[in-house]
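Chain by chain, the residues:
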Amino acid sequence: MNIDNLTLPQLVGELKQAAGQCPKCEGTRETTFTSRGRDNVVNCLECEPLYQALQHLEAALKLLQDI
Ligand SMILES: [Zn+2]
């Protein structure tokens, strides 16, 4: 993939797509609801880095949108 010309929204889209096509959990990673709230996330080592990157990029997008 040539990432040189990707915009930030495109990058987020690509990461989401990649996470949804995870070969291990097939994008079925879900948030489990516990008595402590919804912070207990089922981790998949294959796609967890994608979701972590998405968190930061989506935060960046939101910051830029608010300017
Ligand atoms: Zn996965």
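Up top you'll find the structure we're talking about.
Here is a short report on the structure shown in this document.

Analysis parameters
- Residues numbered from 1 in each chain as written.
- Predicted model: local features only at pLDDT ≥ 70, side-chain atom pairs only at ≥ 80, totals over all residues.
- Heavy atoms only, no water.
- Donors = N, O, S within 2.8 Å, 3.2 Å for Na, K, Ca; no water.
- Tetrahedral: all angles 85-135°; square planar, octahedral: opposite > 155°, others 65-115°.
- Helix = DSSP H or I, 4+ residues; strand = E, 2+ residues; numbered from the N terminus.
- Buried < 20%, exposed > 50% of the residue type's maximum accessible area, 1.4 Å probe, protein only.
- Core = buried A, V, L, I, M, F, W, Y, C linked by side-chain atoms within 4.5 Å.
- Contact = heavy atoms within 4.5 Å.

1. Some remarks on the coordination of the zinc ion
So, point 1. Around the zinc ion, the protein supplies Cys22 (SG), Cys25 (SG), Cys44 (SG) and Cys47 (SG) as donor atoms, at distances of 2.2 to 2.3 Å.
So, point 2. Its four donor atoms give the zinc ion angles of 103 to 112° at the centre, a pattern that matches the tetrahedral case.
So, point 3. All donors of the zinc ion belong to a single chain; written as a sequence motif, their spacing is C-x2-C-x18-C-x2-C. Of the two residues, Cys25 is situated in the loop between helix H1 (8-20) and strand E1 (31-34) and Cys47 in the loop between strand E2 (37-41) and helix H2 (48-65); the sequence distance between them amounts to 22 residues. Per residue, the accessibility class of Cys25 equals that of Cys47, and both read buried.

2. Here we look at the nonpolar core
So, point 1. Val12, Leu15, Leu54, Leu57 and Leu61 form the largest nonpolar core, which has five residues in total.
So, point 2. The greatest single-element share of this core, amounting to three residues, is contributed by H2.
So, point 3. Sequence-distant contacts of Leu54, that is, excluding residues within four places in its chain, are made with Val12, Leu15 and Lys16.

Spatial relationships are all this shows, so hold off on functional conclusions.
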